[in-house]
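Chain by chain, the residues:
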Amino acid sequence: MENIATAGEDDSLFGFWVYLMTDLVIFAVLFATFTVLRNNTFGGPSGRELFSLPSAVTETLLLLTSSFTCGLAAVAFRRGVRTRAIIWFAVTFALGAAFLARELGEFSGLAAAGAGWQRSAFLSSFFALVGAHGLHIAVGLLWMAVVMVQIWFRGLSAAVVSKAARLALFWHFLDVVWIFIFSVVYLMSRLV
Amino acid sequence: MTPNSVTDPIFGKMTLDALPHLWYTVGGTAFVTLMGLGVALVLTRYRRWGWLWREWLTSTDPKKIGIMYLIVSSLMMFRGGIDAGMMLIQQALAAGGSRGFLSADHFQQIFTSHGDIMVFFVAMGFFFGLMNLILPLQIGTRDLAFPFVNSLSFWLYAAGAVFINLFFVIGGSFAAAGWLSVVPLSELRYSPGVGIDYWAWSLQLSGLGTLLGGINFIVTIIKKRAPGMTLMRMPLFAWASLCSMVLVISAFPVLTAAVALLWLDRFLGMHLFTESFGGNQMMYINLIWMWGHPEVYILVLPAFGMFSEIVSTFSRKRIFNYASMVGAAVFITLISYLVWLHHFFTMGAGADVNGIFGAATMLVAIPMAVQVLNWILTMRGGRIVFALPMYWFIGFLVIFVFGGMAGVLLGSPAADFQLHNTLFLVAHFHTMIMGAIFGIFAGISYWFSKIAGFRLDETWGRRAFWLWLVGFFVTFIPLYTLGFMGATRRLDHYPASTGWQPLYAAAAIGFLILVCGSGALVMQLIASYRRRREYRDRTGDPWDGRTLEWSVASPPPFYVFAASPEVRGREAFWEAKRARPETGGGPPARYDDIVMPRNTGMGLYISGFAFLTAFALVWHMVWLAGLGLAGAIACVIVRSFAEDTEYVLPASEVARIEAAARADDN
C-alpha cells in the first residue's frame, strides 16, 4: 500500500516534468516570434529607446532571490520543518509579487508613453512574450498561496510535500525562462 | 482599430443577429435540440439520469472514458461527413451557369469546419478512445497514471466538440478561412465575425485536453508497465502510442501558442500576423505547420501500431523484425519535426531551403517502407486468418502505399510548385487520413469484443469494407486527376469549359458509396447487437491473441487485473498460454487489495467553466469571462484540497467477483 502511494507521488513529479517541457515549447514559440518581429517597429519606438536596463536588472534580482528563498523553503519542507517552510514560501511570495508589480508598472508605463501592444509588431511580440511569463508568475503565486494554506492546516503530508515540490520546480522553471527573457529582450536591445 | 470599442457591457458583441435565422443554423439548432430532447426523454422515461451521472459522466475509468470518446467521435464523424457531402454535391452541380445550392461564404465555412472536425474531433477522438480502452490492458496496468486528469482531458475534448458546433445556435457563421485559419484572411479586418474566435477557442479547449492526455499516456507508458515488461517487450501499439504522444506534447503547445497569438491579434488588436504595423504572416504559417505536420504522424502512428498487432495475430506469427519496427516509429517521430516547410514550398524561401526540406520529406518514405515491408514479411509463411480486421489491414496497405507515392511526388519542390493547393494535394492527404480511418475501423473490429463482450458481425463488416474501399477510389481518383488538370482546391464554382464536371460528379458518386459504407457500419453494429448472444466472447480471447489485453475477460472487470501480470517475454500472453496451455493461466495463488480511483464530477465542472470562459471571450463579455475563469480556478483549488480520491477494494471482494465470473463461464 505504501509503495503504491509513494509511486503515485513519483509519477506526478515525472508528469510535472513532462508538463514543464510542453510549457517550454510554448515559450520557445513566443521567443521565436519575438526574435522574428523585434526589429519590426513600424516607425515606432525600439527596445533600445524603451527599455531601462537598471529596472530589468532589479526585476531579475527580485526573481533570482525568490528562486533562492524557494530553494530554502524546499529544504525546510523536505526536512519536515513546517513553520520555516511557510516563512520561506511567504518570502518567496513577497518577492514574486514585487516582481509582478514592477512588471505591471513597466507595462502601464509603456502603454502611457504610446508604446502599447497595438503600436507595432515588435511591441505586440514583446507583450505576448513577457506577458505570458508574467501570467505564469501570477499562477505560481496563486498556487503558492494554496500550498501555504495546505502546509498550515494539513501539515507536511506526503501529498502536500509532493505538491510543494512541484511548485518549487515550476518556480525555478519560470526563473530560467526569465533569464532568457532578460538576455533576449532587454540585453539584446542594447546590442542592435 | 480597437475591437472593444463597440461592445455592450453585458452582451459584448452579441446582438439579436446572433440567433439562428439562416436555413442551416435553424436546421442545425432544431436538429441538436430535438436530439437533446429525445435523449432527455429516454433518460427520464427509463429513470437513467442517476445511472448516467454515476456510471459515465463522473467516471475516471479509462474503459468508460474510452467509450465516451468513441461516441463523441462517431457523432462528429456524422457531422463532418455531412460537410463533405455538401461540398462534393455543390462541386458536382456548380459548373458554368449553375451556382449550385450553397453560397460562396457558406461553402467556405463548410470546408473549414469539415477539416477541423475530421482532424480534431474524429481522428483524434477515435485514437484517444482506443488508447484509453486498450493501452492500459496491453501494458498490464489497471488505470492511467492520473485518472482524474484523464476525465478532465475527455471533458475538455467534449467541450471543444460542442464549441465548434455552437455557432449554429449562437453566432450564425463559422470560420471561413480554411481549417488552419490562415492569416491575414483570419485577421479581424477580413474576418470580422465571431467564426474565427469560435474556431480558436474550440481548438484551445480540445487542444488542452489533448495535451493533458499526452502527458498522462506518456507517464502511464513509462511508469506503469507490468513487472517484467521492459520497453523492448512492449506491444507495438504501445510503442506507436508512446511515439504519437511524444509528438503530442511537443507539437500541441506550438498550436496552442500560435492560435493564442492569432487570437491576441483579434482580441487585443495586436499586430503579430497582420499585414500592417510590421506583422509577419509567414510566421503564423510556419508555426501552424510546425504543429500541423507532426499532427499527421500523431494520427497515423497509432494506426500503424494497431496494424502491427493485427497482422501478427492473424498471421499466427511474431511480428517480423520487431526492433526495426520500433526504430522506424522513432525515426518517423524525429523526422516529422523536420519537414513542415514542405507545406509551403511556394513561400519563396529559396532553392536551398526547399531542397533540404524536400529531401527530408522523401526520407520519411524509408521508415514507412520499413513498416510496410515488415507487415508483408510477417504475413509471409504465416497461416493467415482473413477475419474482418485483416480486410481493413489489406485495404489500408493498398491505400497507404498509393497515397504515400503521391506524397513522395509532392515532396519534390519542383513538382509541388505545379500541384500546390490543387485537388491533387487534397486527394493525397485524404488518402493518408483514410489510411488512419481504416486503422480505426480495423482497431474497432479487432478490439470490439474486448470492449463490448461480443464480436462484430463479419458479413456486414465485409460489406462495409468493400463499400469503403471502392467508395474511396471512386471519390479520390477523380480528385487526383482534377489536380493534374489544374483544379485548385476549395472551388465553389468553375467554368463549364474546363471539362471538370464529369470528374466532380464521379467524386460525388464516390461519396454516396462511402455513405452506403457508413450505413453498412451502422447495420453492422445493429446486427451484432441483435445477435450478441451468438457472438458473445466467453473466453476473452476470440482471436487467439498474443498480448495481455486478451488475458482478461471481455469486457474486463472494472479492476481489470485481479493480480498484476508477470511479463516474461515480448508476447506476454502468447508465452503464458504456451507455458500453461490449458487455461492461459488459472486463478492466481492469492489476491491483494486494489486501490481504485473514486469517481469525480470535477473534470466536468472545470471543462464547463472553461467552456463558459471561452464563450465569453468569443463575444467579448468580460464579466462572464472573469466569472468562468474564477469558477474554473476555484474548482482546481477545491480538487487540490480533496484527500479522499481513492478507495480500497479488499482482496476478499476481488476473490468473490473472480469466483463468480468463473462460475458464470462454466
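This text goes with the structure placed above it.
Residues numbered from 1 in each chain as written. Chains lettered and ligands numbered in written order. Predicted model: local features only at pLDDT ≥ 70, side-chain atom pairs only at ≥ 80, totals over all residues. Heavy atoms only, no water.

J.: Please set out the overall build of chain A residue by residue, giving values where relevant.
T.: Check the secondary structure of chain A and you find six helices and zero strands. Each helix and strand of chain A, placed in order from N terminus to C terminus, yields the pattern α-α-α-α-α-α. Projected onto the principal axes, the alpha-carbon positions of chain A cover approximately 65 × 30 × 25 Å. Counted over contacts in chain A with a minimum sequence separation of 6, partners at least 24 positions apart contribute 84%. A total accessible area of about 8300 Å² is found for chain A, and carbon and sulfur atoms account for 71% of it. (Helix = DSSP H or I, 4+ residues; strand = E, 2+ residues; numbered from the N terminus. Contact = heavy atoms within 4.5 Å. Areas by Shrake-Rupley, 256 points an atom, 1.4 Å probe, with all protein chains shown as cover.)

J.: I'd like a description of the interface of chain A and chain B, backed by residues and values.
T.: At the junction of the two partners, chain A supplies 35 residues and chain B supplies 35 residues. Counting across the chain A and chain B interface gives two salt bridges. A salt bridge links Glu643 of chain B to Arg154 of chain A; its shortest N-O distance comes to 3.6 Å. Remark: the boundary between chain A and chain B carries 10 residue pairs in polar contact (both at pLDDT 80 or more). Secondary-structure elements contributing two or more residues to the side of chain A that touches chain B are helix H1 (2-37) and helix H5 (121-154) of chain A. Here the side of chain A that touches chain B gets 17 residues from one element, more than from any other, and that element is H1 of chain A. Tallied by class, the residues present in the side of chain A that touches chain B amount to 20 nonpolar, 10 polar and five charged. (Salt bridge = Lys/Arg side-chain N within 4 Å of Asp/Glu carboxyl O. Polar contact = N/O pair within 3.5 Å; in protein donor to acceptor, adjacent residues only side chain to side chain. Nonpolar A, V, L, I, M, F, W, Y, C, P; charged D, E, K, R; others polar.)

J.: Lay out helix H9 (residues 322-335) of chain B in plain terms, naming residues and giving numbers.
T.: Residues and elements named next belong to chain B. Relative to the 20 Å expected for 14 residues at 1.5 Å per residue, H9 spans 20 Å between its end C-alpha atoms, a close match to the ideal helical length. Restricting attention to buried positions, one finds in H9 the residues Tyr322, Met325, Val326, Ala328, Ala329, Ile332, Thr333 and Ile335. Contact partners of the buried residues in H9: helix H7 (236-268), helix H8 (281-315), helix H10 (351-363) and helix H11 (365-379). (Expected span 1.5 Å × (residues − 1). Buried < 20%, exposed > 50% of the residue type's maximum accessible area, 1.4 Å probe, protein only.)

J.: For the environment of Asn421 of chain B, give the residues involved together with the corresponding values.
T.: Counting through the fold element by element, Asn421 of chain B comes out in the loop between helix H13 (413-419) and helix H14 (423-452). C-alpha of Asn421 of chain B to C-alpha of Leu205 of chain B: the two residues are 216 residues apart in sequence and 29 Å apart in space.

J.: Just give me the short version of the environment of Ala520 of chain B, but keep the residues and values in it.
T.: Residues and elements named next belong to chain B. As for its position among the elements, Ala520 is in helix H16 (residues 501-530). Once the C-alpha coordinates of Ala520 and Gly213 are considered, the two residues, 307 residues apart in sequence, prove to be 32 Å apart. Ala520 has contacts with Trp460, Arg463, Ala464 and Leu467, leaving out every residue within four places of it along the chain.

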